[in-house]
Amino acid sequence: RVSRQARQRSKMAEKRAFGIPARSRQAGSWLVAAAVVLGLLSVADARPLVRNVKTNTEFKKLLKHHAENTGLPVVVDFYSDGCGPCRQIAPHYIKMAEQYKGRVVFAKVDINANRETASQQQISSMPTFQFYLFGKKRDQFSGADTNRINNMLQTLSRESQMKNVEVTHEALKTFYSEHAPEKMMEMDDAKLQAILTKAGPTGGPGHYALSNALKKKYGKAPKTIARSVPAAPGDAKDAKGDAKGKPAAPPGSSGKESKKEAGGPPKPNLHLASSEELQAEIQKRQEAEEAKREEEATDDDDVPTIPIWEAKSRPQVETVVIVGSGPAGLSAAVYAARAGLRPVVIAPPMGGQLQGKGVGVENYPGVNGTTGPALVQAMQMQAAQYGTVFEQELVESIDVSKRPFTIKTNESTIQAHSVILATGADSRWLGVPGEWEHRGGGVSSCATCDGFLFADRDVVVIGGGDSAMEDAMVLARTSKSVTVIHRRDAFRASKVLAERVLNHPSITVVWNTQVLVFEGRKVRVLPNGMQLTLNEDGSLIEEDFSKVRVKELKARLDAGGISYNGISDKENLVDLIRKSIAEAAAPDEDGTVGMVDERQMLTRVRTKDLTTGEEKTIEVHAAFVAIGHDPNTKMLAKQAITSAGTGSMAALDAERWLSTQGHCTPAAAAAAAAAVEVVGSREGIMLRIGLKYGCCMASSAVRRSWWS
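Predicted model only: the values in this text are computed from it and were never measured.

(A) Structural context of the packing of helix α4 (residues 84-99) against helix α6 (residues 146-163). Between α4 and α6, the least distance of the axes is 11 Å, while the angle of their chain directions is 20°. It follows that α4 is roughly parallel to α6 by the angle criterion. Helix-helix and strand crossings are classified by hand; for α4 and α6 the assignment is right-handed. Across the interface between the two elements, Ile 89, His 92, Met 96 and Gln 99 from α4 touch Thr 146, Ile 149, Asn 150 and Leu 153 from α6. Of the residues assigned to the contact of α4 with α6, the class counts are four nonpolar, four polar and no charged.

(B) Broad picture of the packing of aromatic side chains. In this structure the tally under the stated criterion is ten aromatic pairs. Centroid distance Tyr 93 to Phe 106: 5.2 Å. Interplanar angle 70°. Geometry classified as edge-to-face. In this pair, Tyr 93 is assigned in helix α4 and Phe 106 in strand β3 (residues 105-110), connecting sequence segments 13 residues apart. Judged by relative accessible area, Tyr 93 falls into the buried class, the value being 1%.

(C) Expanded view of the pairing of strand β25 (residues 622-625). Residues of β25 alternate between two faces, with Ala 622 and Phe 624 on one and Ala 623 and Val 625 on the opposite face, all of them buried. Relative to β25, strand β17 (residues 443-444) is paired through two bridges, and the arrangement is parallel. Along β25, the bridge assignment pairs Ser 444 with Phe 624. Summarising the sheet, strand β18 (residues 458-462) and β25 pair through four bridges and their orientation is parallel.

(D) Summary view of the sheet that holds strand β5 (residues 136-142). Reading across the sheet, the five strands line up as β1-β3-β2-β4-β5 and stay open at both edges, with mixed pairing between neighbours. The sheet is open, and its two edges are formed by β1 (50-52) and β5, each paired on a single side. Strand-to-strand twist across the sheet, computed as the mean angle between neighbouring axes with direction ignored, equals 25°. Pairing of β1 with β3, which is carried by three bridges, proceeds in the parallel orientation. Within β3, the residue paired with Arg 51 across the bridge is Ala 107. On the sheet, helix α3 (residues 56-70) packs against β1, β2 (74-79), β3 and β4 (128-133) and is oriented at approximately 160° with respect to β2. Here α6 sits on the sheet in contact with β2, β3, β4 and β5, set at roughly 10° to β4.

(E) Main features of the pattern of salt bridges. Tallied over the entire structure, the rule returns eleven salt bridges. Arg 51 is the partner of Glu 58 in a salt bridge, and the nearest nitrogen-oxygen pair spans 3.1 Å. Between Glu 519 and Arg 604 there is a salt bridge, with its nearest N and O atoms 2.7 Å apart. You can see Glu 519 sitting in strand β21 (residues 513-525) and its partner Arg 604 sitting in strand β23 (residues 597-609), a full 85 residues away along the chain. Exposure remark for Arg 604: the relative accessible area of 29% places this residue in the partly exposed category.

(F) Molecular detail of the sheet that holds β18. The parallel open sheet is built from five strands, whose spatial order is β17-β25-β18-β19-β20. A single partner strand is all that each edge strand has here, and the edge strands are β17 and β20 (507-510).

(G) Seen up close, helix α9 (residues 189-199). Buried residues of α9: Leu 192, Leu 196 and Ala 199, and no others. Within α9, the buried residues cover an arc of 60° as seen down the axis, which keeps them to one side. Seen from the buried face of α9, the exposed residues on the opposite side, beyond 90 degrees, are Ala 190 and Lys 198. Residues of α9 that are buried sit in contact with α7 (169-179), α8 (181-185) and α10 (205-218). Of the residues trailing α9, Gly 200 is marked for its positive phi of about 150°.

(H) Seen up close, a nonpolar patch on the surface. Judged by side-chain polarity, Ile 398, Val 400 and Leu 421 come together as a nonpolar surface patch covering roughly 260 Å² of accessible area. Along the chain, Leu 421 falls in strand β15 (residues 413-421). For Leu 421, a relative accessible area of 51% gives the class exposed.

(I) A look at the confidence of the model for the chain. In the predicted model, the chain carries a mean pLDDT of 77, and the fraction of residues at 70 or more is 73%. Note on residues 40-45: pLDDT under 50 across the span, and 15 contacts to partners over four residues away in sequence or across chains. Of the regions scoring below 50 in pLDDT, residues 231-265 engages in 23 contacts with residues more than four places distant in sequence or in other chains.

(J) Region of the structure containing the nonpolar core. Of all hydrophobic cores here, the largest spans 42 residues; its most connected members are Val 461 and Val 484. Broken down by element, this core gets its largest block of residues, five residues, from helix α16 (residues 466-476). Excluding residues that lie within four positions of it along the chain, Val 461 makes contacts with Ala 468, Asp 471, Ala 472, Leu 475, Val 482, Thr 483, Val 484, Ile 485, Phe 624 and Ala 626. Judged by nonpolar contacts, the second largest core, of 26 residues, contains Ala 336, Val 367, Phe 390 and Ala 651.

(K) Layout of the packing of helix α13 (residues 327-338) against helix α20 (residues 640-661). Running from amino to carboxyl end, α13 crosses α20 at an angle of 40°, the nearest separation of the two axes being 7 Å. In terms of orientation, α13 lies oblique with respect to α20. Handedness of the α13/α20 crossing: right-handed. On α20, the residues touching Pro 327, Ala 328, Ser 331, Ala 332, Tyr 335 and Ala 336 of α13 are Ala 640, Ser 643, Ala 644, Thr 646, Gly 647, Ser 648, Ala 651 and Leu 652. Classifying every residue of the contact of α13 with α20 by side-chain character gives nine nonpolar, five polar and no charged.

(L) Quick peek at unusual backbone geometry. Cis peptide bonds are those with omega within 30 degrees of zero, and the linkage from Met 126 to Pro 127 qualifies with -10°. Tracing the sequence through the fold places Pro 127 in the loop between α5 (115-120) and β4. Cis geometry is found at the peptide bond from Arg 403 to Pro 404, where omega equals -5°. On the secondary structure map, Pro 404 appears in the loop between β13 (395-399) and β14 (405-409). Positive phi values are uncommon outside glycine, yet Phe 134 reaches one of about 55°. Topologically, Phe 134 is positioned in the loop between β4 and β5.

Basis of the calculations
- Residues numbered from 1 in each chain as written.
- Predicted model: local features only at pLDDT ≥ 70, side-chain atom pairs only at ≥ 80, totals over all residues.
- Heavy atoms only, no water.
- Axes fitted to C-alpha atoms, helices over the stretch in contact; angles between N-to-C directions.
- Helix = DSSP H or I, 4+ residues; strand = E, 2+ residues; numbered from the N terminus.
- Parallel < 35°, antiparallel > 145°, perpendicular 65-115°, else oblique.
- Left-handed = near helix turned anticlockwise from the far one by under 90°.
- Contact = heavy atoms within 4.5 Å.
- Nonpolar A, V, L, I, M, F, W, Y, C, P; charged D, E, K, R; others polar.
- Phe/Tyr/Trp six-rings, centres within 6.5 Å; stacked < 30°, edge-to-face > 60°.
- Buried < 20%, exposed > 50% of the residue type's maximum accessible area, 1.4 Å probe, protein only.
- Pairing = 2+ DSSP bridges.
- Salt bridge = Lys/Arg side-chain N within 4 Å of Asp/Glu carboxyl O.
- Arc of directions from axis to C-beta.
- Patch = residues over 30% accessible without salt bridge, like charges linked within 9 Å, V, L, I, M, F, W, Y side chains within 5 Å.
- Areas by Shrake-Rupley, 256 points an atom, 1.4 Å probe, with all protein chains shown as cover.
- pLDDT = per-residue confidence, 0-100.
- Core = buried A, V, L, I, M, F, W, Y, C linked by side-chain atoms within 4.5 Å.

Next comes the structure, spelled out in structure tokens:
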């Protein structure tokens, strides 16, 4: 009785507050819900250009869906936030996703967040790109090579379009009736459908292979149509629509109404929906909106864009071209741009040594608590602010035999009156046996890029300078143990970094030791990620799985993403492994075989004690060579700050030379003229500076005199 009275008082209070009955308000709430549905209609259609794959289950579903349903190629970028080349290639990856939208599916995997997928795919360096078509891995390589990525995308998209066909039941029946009537006598609809189902229930490469096989046998092929792609949930083309993708007529409506609405976008029949259906639709679309917001929030590739060089909007001959985009090149760009020279910076997007620096930058004045990639990005934005443009390609040649100079990249040809070379330095290698063979298979020079791939494993760092100390500290965050091998009895690194390494509990130092050779094993990685050990001649080593422990058998199945739920017996596990290996190596219906990658995997480093002459072997999974860098120009600048200084010096020298030669840009001339008008009483001084140095120097000289 008390509860009933409380409900009555509540209803009366609501009626007084809103002035309408509760039942009427409930009906109004459904109108609001209907409006929400209408407002969310476009949300479910939105798909990110680059899908962020967060789990291994999602990775498998993605490949399976596009192998069985759409037939579209899939490209996957394995990256890390701390990897400089990864961050630099990201804007180009997004640009290619826009270019190939609807023809290729783009995805990315952050190895820090999705270690399971990176481990199963045997990713050993970054960025690594994988290419899949019809569920088979077709290619894999490491490095920020935009040209190779683009070439693979073109190849796979053409092959997808060619093989993504369907032989309909009627087409197959007509073919047999015309070209093999005796065969048709033995056929019925069930047998014809069985042939199509075996080739592929929804079309694709199996139907393409069927068409080719029939053409080879009978001289003619059945007619094919483009494969019909099932609509994804939430798309405008609903699964309930007809074969052409038009929405089906709702219950209770006439065909005329459907035909009338077929010309425009499909409209939700809210007046036919029940309250439960409306609630379900609202929840589904809200979840889609939330997923899209989450994707945008976690998308770290949206870095500020920089102006790109375009021939149509630039002069026929550039005033100054800067080759290199490290601290030296970007400092030169800032100085040249502020002088009105409108410089062009040519460099590939992967960046230089500072770009790959994963630890904090602590010795650059005015910069504290930032990383190398962030500092390079800030320099780029500063240079762009004053008029610098960027051509993110690799320079192939520079012709200085005649003026103007000609700079050729792999995509463009640029002429310039002056060229500044700021090409930095390349990593120095040991040059010992096995080093080259194991690069990409455990031997690396970038701990920031590849270190996380060897999490919870034993690694070594070779060197004794600042680079070695920084690499050791980066690796100590994730690796099981870090051993620093140094050929002297003391580090050459700065005292602060050396003390951090010596005091770290996970880092061990081996003094007076030299690396003699890198050793490992040759493996074949199958399309499903499973590894097979090979002899030196490439022949397969027959493994005796009966001697392998159950724990290791399960680990190998995990590496291939193969489920063994409900199987605990060792004999059954061995049978499952052998079956998986056979299936991964078998060709598809059309005769294609997925990519089989053969590589050298590092397992140990052989060293020599320089004091006793004793040789030892260290069992490791990775070795990071950090013994310094070899400069690409005669002017050696080992620190970012000294590189920036030499870059500004080069820009000032180029500016002075351009002035004496009369190569002055209109922008520089206008800046000089404006400055002469501003200074007023100092007009004579400014004119003398203009006569002495030319109009290019005048603008910067005016600024210096004005402030003095």
